[in-house]
Amino acid sequence: MHEKFFAPLVNSLNHAYSFADREDAVEEAFYKLMFKKERDAYEKEPETESDWFYALRWQARAELSHRRERAERHAKYVEEAAKALADVFACGHQGEEMDAEIRSRALARALETFRKEQDVSRRDLDIYVGIETGEASGRELAARYRLTSDNVYVIKYRVGRLLRKHGPRCFERALKKEGYISFTFAA
């Protein structure tokens, strides 16, 4: 019966459902009517091939209907859960938020690594950081380190160029040493 009825049953079902869903529903109908359902459960057990065909078709249609209802229920649940959790999750890379302590320790470690690897003196790094943060003017730094203002800005430019080139990798390594693993760094 399976060989004879399978294709006609699949084709007789509503084409609004995918072909795979219709095939699965027919398989489920065969399994349920041939193996799971007890003979006593039938009000009138199908006797002819035509009766079996319509019983299987009815069971397959019921299975498709149940699948649709489950999918709608699941979609409704997902929508309600998404609304309830909308304020909990942030957009972008979830879970990548660092606390200030990790960030400041990693930054200090990264600057020290950068200074050693690129052979940048502490004075040059202080000049760069002082100007960039606005903590000191070029004149103040020139007076502090007994340089001209022009030299201070040349140092700031050179350190800045090196920092833009090598700094991100130093910061990434420092973050890893601090125990922070970013998904964007891992990718």
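1. A few points about the side chain of Arg115
Right, on to step 1. Residue placement: Arg115 occurs in helix H4 (residues 100-117).
Right, on to step 2. Look at Arg115 and you get buried, because its relative accessible area is 18%.

2. Let's talk about the packing of aromatic side chains
Within a pair of aromatic rings, the relevant descriptors are the distance that separates the centres and the angle that separates the planes.
Right, on to step 1. Inspection of every chain in the model, using the stated rule, returns two aromatic pairs.
Right, on to step 2. When the ring of Phe53 is compared with that of Tyr54, the centres are 5.4 Å apart and the planes differ by 85°; the resulting orientation is edge-to-face.
Right, on to step 3. One aromatic cluster is present, formed by Phe5, Phe53 and Tyr54 through successive ring pairs.

3. Some points on the pattern of salt bridges
Right, on to step 1. Going through the model one piece at a time under the given rule, you end up with 12 salt bridges.
Right, on to step 2. Among the ionic pairs, Arg70 bridges to Glu63, the shortest N-O distance being 3.5 Å.
Right, on to step 3. The exposure class of Arg70 is partly exposed, given its relative accessible area of 42%.
Right, on to step 4. Using a relative accessible area of 13% as the deciding quantity, one classes Glu63 as buried.
Right, on to step 5. Between Arg173 and Glu117 there is a salt bridge, with the nearest N and O atoms lying 2.6 Å from each other. On the criterion of sequence distance, the pair formed by Arg173 in helix H7 (residues 149-177) and Glu117 in helix H4 is long-range, its members being 56 residues apart.
Right, on to step 6. Accessibility expressed as a relative area gives 45% for Glu117, which makes it partly exposed.
Right, on to step 7. Salt bridges linked by common partners bring Asp21, Asp24, Glu63, Arg67 and Arg70 together as one network.

4. Comments concerning the confidence of the model for the chain
Right, on to step 1. Mean pLDDT for the chain: 81, with 87% of residues reaching 70 or above.
Right, on to step 2. Of all the helices and strands in the chain, helix H8 (residues 183-186) carries the lowest mean pLDDT, 49, while helix H6 (residues 138-145) carries the highest, 89.

5. Remarks on the packing of helix H1 (residues 2-12) against helix H3 (residues 49-84)
Right, on to step 1. Remark: H1 packs on H3, axes separated minimally by 10 Å, with the N-to-C direction vectors making an angle of 45°. Between H1 and H3, the interaxial angle falls into the category oblique. As for the relative orientation of H1 and H3, their crossing is right-handed in sense. Only Glu49, Trp52, Phe53, Leu56 and Arg57 of H3 make contact with H1, whose side of the interface consists of Lys4, Phe5, Pro8, Leu9 and Ser12.
Right, on to step 2. Residues belonging to the contact of H1 with H3 are distributed by class as follows: six nonpolar, one polar and three charged.

6. Focus: H6
Right, on to step 1. Along H6, the positions that sit buried rather than exposed are Gly138, Leu141 and Ala142. Looking straight down H6, one finds its buried side chains confined to an arc of 105°; they lie on one side. Exposed and oriented more than 90 degrees from the buried face of H6 are Arg139, Ala143 and Arg144.
Right, on to step 2. In the core, the buried residues of H6 are packed alongside helix H5 (122-133) and H7.

7. Topic: the packing of H1 against helix H2 (residues 19-36)
Right, on to step 1. Between H1 and H2, the least distance of the axes is 9 Å, while the angle of their chain directions is 135°. By the criterion of interaxial angle, the relationship of H1 to H2 is oblique. For the crossing formed where H1 meets H2, the hand is right-handed. Residues His2, Phe5, Phe6, Leu9, Val10 and Asn11 of H1 lie in contact with H2, whose contacting residues are Phe19, Arg22, Glu23, Val26, Glu27 and Phe30.

Calculation criteria
Here, residues in each chain are numbered from 1, in the same order as that chain's written sequence. Where local features are concerned, this predicted model is filtered to residues with pLDDT of at least 70; where side-chain atom pairs are given and counted, the filter is 80 or more; whole-chain, interface and lining totals use all residues. Excluding hydrogens and water, the side-chain figures rest on all heavy atoms present in the structure. Helix and strand assignments come from DSSP, with helices taken as H or I runs of at least 4 residues and strands as E runs of at least 2, each series counted from the N terminus. Burial status follows relative accessibility: with a 1.4 Å probe on protein chains alone, a residue under 20% of its type maximum counts as buried, one over 50% as exposed, and anything between as partly exposed. Aromatic pairing here means that ring centres of Phe, Tyr or Trp (its six-membered ring) are within 6.5 Å. Orientation follows from the plane angle: under 30 degrees is stacked, over 60 is edge-to-face, and everything else is tilted. By salt bridge we mean one thing: a side-chain nitrogen of Lys or Arg within 4 Å of a carboxyl oxygen of Asp or Glu. For every residue, the predictor reports its confidence as pLDDT, a number between 0 and 100. The convention used is that axes are lines fitted to C-alpha atoms, helices contributing only their stretch in contact, and that angles between N-to-C directions extend from 0 to 180 degrees. With respect to orientation, any angle under 35 degrees is reported as roughly parallel, any angle over 145 as roughly antiparallel, any angle of 65 to 115 as roughly perpendicular, and every other angle as oblique. Less than a right angle of anticlockwise turn of the near helix away from the far helix marks a crossing as left-handed, whereas a clockwise turn marks it as right-handed. Residue contacts are defined here by distance: any two heavy atoms, one from each residue, within 4.5 Å place the two residues in contact. Gly is put with the polar residues, along with every residue not named as nonpolar or charged; the nonpolar set is Ala, Val, Leu, Ile, Met, Phe, Trp, Tyr, Cys and Pro, and the charged set is Asp, Glu, Lys and Arg. Picture the helix axis, draw a direction to every C-beta atom, and the arc is the one those directions span.

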